[in-house]
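Listed below, chain by chain, are the residues.
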Amino acid sequence: MKKLKKEHLRILFGGLTESHRVIGPKIEGGVVVLAEIAVHDIPAGFEDRQMAGSYRLVTGERPEIFSFSAGPDSFKRFLHPPVSEMFAFKSSRTAIAITAPDCQGKPLAFIGVRACDIAALKLYDKVFLGGAEKDQCYESRRKDSLVIALDCSYPGDNCFCHAMGTGPSVMDGFDIALVELDASFLLEAGTIAGQRLLDVLSLEEVTEGDMKERSSRTERCLGMMKKSIRTEDLPGLIYRSLDHPRWMDIAERDLECGNCTQVCPTCFCHSHYDFVRLAGISPRAREVSGTRVRKWDSCFSRNFARVHGGNFRPSRRARYRQWMSHKLAYTFEQFGLPGCVGCGRCITWCPAGIDITREVEALRDVR
Amino acid sequence: MYDKSVPFDAKVKWTKKETRDTFTCALKINNRDIQKAYRFLPGQFNMLYVPGIGEAPISISSSPLDHDLMHTVRVAGDVTTALSNLRAGDMIGMRGPFGRGWPLEEAEDLDLLIVAGGLGIAPLRSVARHVLKTHAAKKRDAHQRRMLLYGAKTPKDIVFRDEFPRYRDIFEVFLTVDRADPEEYWRGEAGLVTKLFDRITFDPRCTLVFVCGPEIMMQNSGRELILRGVPEERIFLSMERNMNCGIGMCGHCFFGPKFVCKDGPVFRFSEIEGLMGIKEL
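Residues numbered from 1 in each chain as written. Chains lettered and ligands numbered in written order. Predicted model: local features only at pLDDT ≥ 70, side-chain atom pairs only at ≥ 80, totals over all residues. Heavy atoms only, no water.

> Account for helix H5 (residues 215–227) of chain B, naming residues and giving values.
If you check H5 of chain B, its first and last C-alpha atoms are 18 Å apart, about what 13 residues at 1.5 Å a residue would give, namely 18 Å. Along H5 of chain B, the residues that are buried comprise Met 217, Met 218, Gln 219, Ser 221, Gly 222 and Leu 225 of chain B. (Helix = DSSP H or I, 4+ residues; strand = E, 2+ residues; numbered from the N terminus. Expected span 1.5 Å × (residues − 1). Buried < 20%, exposed > 50% of the residue type's maximum accessible area, 1.4 Å probe, protein only.)

Okay, structure coming up:
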């Protein structure tokens, strides 16, 4: 582990921008989002006030550069874009031509990835690369990407990563890990690619005082975390509660907007559609051309589980249950990883303020 | 191998109308290399793609030993309607095969009971044809019994009606309909397919059961057979869900924690019995 003076962060950025698109936090529309940024875009000094169903950005007193917590965006917007082309087609009655898109762009470097999102990234890798079939576009984007992780100095008001065992400190799954101290950053390389980036920086040795400061910061962050989930036998609780009356209660508050699935860093569900070009359609020869695209979908949408002649989840109650059960129970069986990483985004961005931690507590109540 | 997320082109060899709303189409994979690499098991499915309209998951209704690769489709939505308008020589897209098929290796030295409801006969026809073909190759074990129970809505809705005489060579075949039209001659049973369990005698300790049909029919059949002493590990069901990607990424086919597209569609009853009773899972 080495130390970098805060003002030298731009040198790290400079090294990155040559070869990568640097994706990091930036203010847009009063919200910290992820976008391609330069070092001065980082909204240093801003603080976010989050509540169930509320997010406000204020200028605060915190001295850190990364003084804010995670906004609605996560890496998934870039590695698994909301809309992406699968292939272009041109077909007639007797021939079909399919051309695969080029998903090789400038490689991505994610800066300031929190521990919760690293846990989510691990799940994503299992979904898209862990099976017999791999998602080739995800693979090419992921393989060249750099993850520059960051220990949280402050938790968001809806965070509960300590309960899910994912944060607030980054343990693994990074190329470079950053820890922000008062005057400097601690840096640790996790991969050879990360080490290469560190080699060109003028780094200092870490002192015992720095390590002390680091652990006291982690302690402080943990102490500030307001929310929690009791995780003992969580999947078991969900499997036992599939007929719990609480689901009906949630369904009455739920608006089915799907915000939670859009902001959740582990939600990966999507649908495929044909986008047909109007030009050159000839019904008789069945000539048609267009693109097949993949779009984020949400298990809250009414047609998500629809098949011809029926819908497997017609009720809102069942759709909410599907989402929460998937997060808290099913992913353990499917991928051996938690589907909820404790980032609290679904709580903040739910217009009805439904709080997953409180709903789990309600499920624990003996009927 | 080839990429299963991108369709390859397949030519329609012939189509055949089965009933008023079902038809069978035989496809031939165009690309030589894919054609050689393409291997499927009875019970697996393909995604059939009509460019500009969309994809539908369709079970393969022929045996791997058949010359033609067949799909039997019920006209239900946009894609299946488009498929029903295909003529010989037309080109469509196809991806697959996907999922886990019927455990035919377990049927080697057990009696086989096939229970089908409605179009659920399609993936089981693949088994029946496979048994017919392999039976011809090996000497029949006189003690091995094969039974086929099939329920349809009305006599007119019996799919593959012309094929049952051939299956009778090897299978004990029993047909039933929910409602027999009095105008039409019908000498089979009337009532649910589970009623046919009373018509057959079988040894529950050495019978392997494959069930495919509407979920409630499979659930009732499974429970009924367990009551009759069939171990729940020997009962297999083929589940239906909204299959979209076929490779366990899109999330549409979740049945509790199961990806029906890759963990299924064929499940051991003991794997999913606990999930089956829960509404809207």
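> Lay out the domain arrangement of chain A in plain terms, naming residues and giving numbers.
All names here are of chain A. Examined at the domain level, chain A breaks down into domain 1 (2–85 + 100–224) and domain 2 (234–269 + 299–364). Between the C-alpha centres of domain 1 and domain 2 there is a distance of 27 Å. Counting residues at the interface gives 31 residues for domain 1 and 27 residues for domain 2. Summing the contributions of domain 1 and of domain 2, the shared interface buries around 2,300 Å²; its carbon and sulfur component is 67%. It is Leu 123, Phe 160 and Met 164 in domain 1 that bury the most area against domain 2; as a group they hold 26% of the surface buried on that side. (Domains from an automatic or database assignment. Contact = heavy atoms within 4.5 Å. Buried area = accessible area lost by both parts, 1.4 Å probe.)

> Which residues make up the state of the cysteines, and what are the values?
Within the structure shown, the criterion is met by 1 disulfide over all chains. Here Cys 103 of chain A engages in a disulfide with Cys 137 of chain A; their sulfurs sit 2.0 Å apart. Across the disulfide from Cys 103 of chain A to Cys 137 of chain A, rotation about the S-S bond amounts to roughly -80°, and the bridge is consequently left-handed. You can see Cys 103 of chain A sitting in the loop between strand E7 (96–99) and strand E8 (108–113) and its partner Cys 137 of chain A sitting in helix H4 (residues 136–143), a full 34 residues away along the chain. Residue Cys 25 of chain B stays outside any disulfide, its sulfur separated by 18 Å from that of Cys 212 of chain B, the closest cysteine. Using a relative accessible area of 0% as the deciding quantity, one classes Cys 25 of chain B as buried. (Disulfide = S-S within 2.5 Å.)

> Hey, could you go over the packing of helix H9 (residues 246–253) of chain A against helix H11 (residues 316–335) of chain A for me, with residue numbers and the actual values?
All names here are of chain A. Where H9 contacts H11, the two axes come as close as 8 Å, and the packing angle between them is 105°. As the angle between them shows, H9 and H11 are arranged roughly perpendicular. On H11, the residues that touch Trp 247, Met 248, Ile 250 and Ala 251 of H9 are Arg 316, Arg 317, Tyr 320, Arg 321, Met 324 and Ser 325. Partitioning the contact of H9 with H11 into residue classes produces 6 nonpolar, 1 polar and 3 charged. (Axes fitted to C-alpha atoms, helices over the stretch in contact; angles between N-to-C directions. Parallel < 35°, antiparallel > 145°, perpendicular 65-115°, else oblique. Nonpolar A, V, L, I, M, F, W, Y, C, P; charged D, E, K, R; others polar.)

> Account for the side chain of Ser 169 of chain A, naming residues and giving values.
Residues and elements named next belong to chain A. Mapped onto the elements of the fold, Ser 169 is located in the loop between helix H5 (161–164) and strand E10 (176–180). Among the polar contacts listed, one links the side chain of Ser 169 to the side chain of Asp 151, at a separation of 3.5 Å. If we skip the residues at most four places from it in the chain, Ser 169 touches Ala 115, Asp 151 and Thr 218. (Polar contact = N/O pair within 3.5 Å; in protein donor to acceptor, adjacent residues only side chain to side chain.)

> Outline the packing of helix H3 (residues 115–129) of chain A against H4 of chain A, listing residues and values.
All names here are of chain A. Axis separation between H3 and H4 bottoms out at 9 Å; the angle between their running directions is 140°. Considering the angle they form, H3 stands oblique to H4. Note that H3 runs across H4; the crossing there is left-handed. Contacts from Leu 121, Tyr 124, Asp 125, Phe 128 and Leu 129 in H3 reach Tyr 138, Glu 139 and Arg 142 in H4. Residues that form the contact of H3 with H4 fall into these classes: 5 nonpolar, no polar and 3 charged. (Left-handed = near helix turned anticlockwise from the far one by under 90°.)

> Can you break down the domain arrangement of chain B residue by residue, with the values?
Interfaces are often sized by the accessible area lost when the parts come together. Residues and elements named next belong to chain B. Each assigned domain of chain B is listed here: domain 1 (8–98) and domain 2 (104–238). Relative placement of domain 1 and domain 2: their C-alpha centres are 24 Å apart. Between domain 1 and domain 2, the residue contacts involve 22 residues of the former and 18 residues of the latter. Of the roughly 1,600 Å² buried between domain 1 and domain 2, counting both surfaces, carbon and sulfur atoms make up 54%. Taken as a group, Arg 20, Pro 42 and Leu 65 account for 27% of the area that domain 1 buries against domain 2, more than any other trio of residues on that side. Connecting domain 1 to domain 2 are 4 salt bridges. Residue Arg 129 pairs with Asp 66 through a salt bridge whose shortest N-O separation is 2.7 Å. Where domain 1 packs against domain 2, one counts 7 residue pairs in polar contact (both at pLDDT 80 or more). Contributing elements (two or more residues each) for the side of domain 1 that touches domain 2: strand E2 (22–29) and strand E5 (69–74). Ranked by the residues each element gives to the side of domain 1 that touches domain 2, the list is headed by E5, at 4 residues. Here the residues of the side of domain 1 that touches domain 2 sort into 7 nonpolar, 9 polar and 6 charged. (Salt bridge = Lys/Arg side-chain N within 4 Å of Asp/Glu carboxyl O.)

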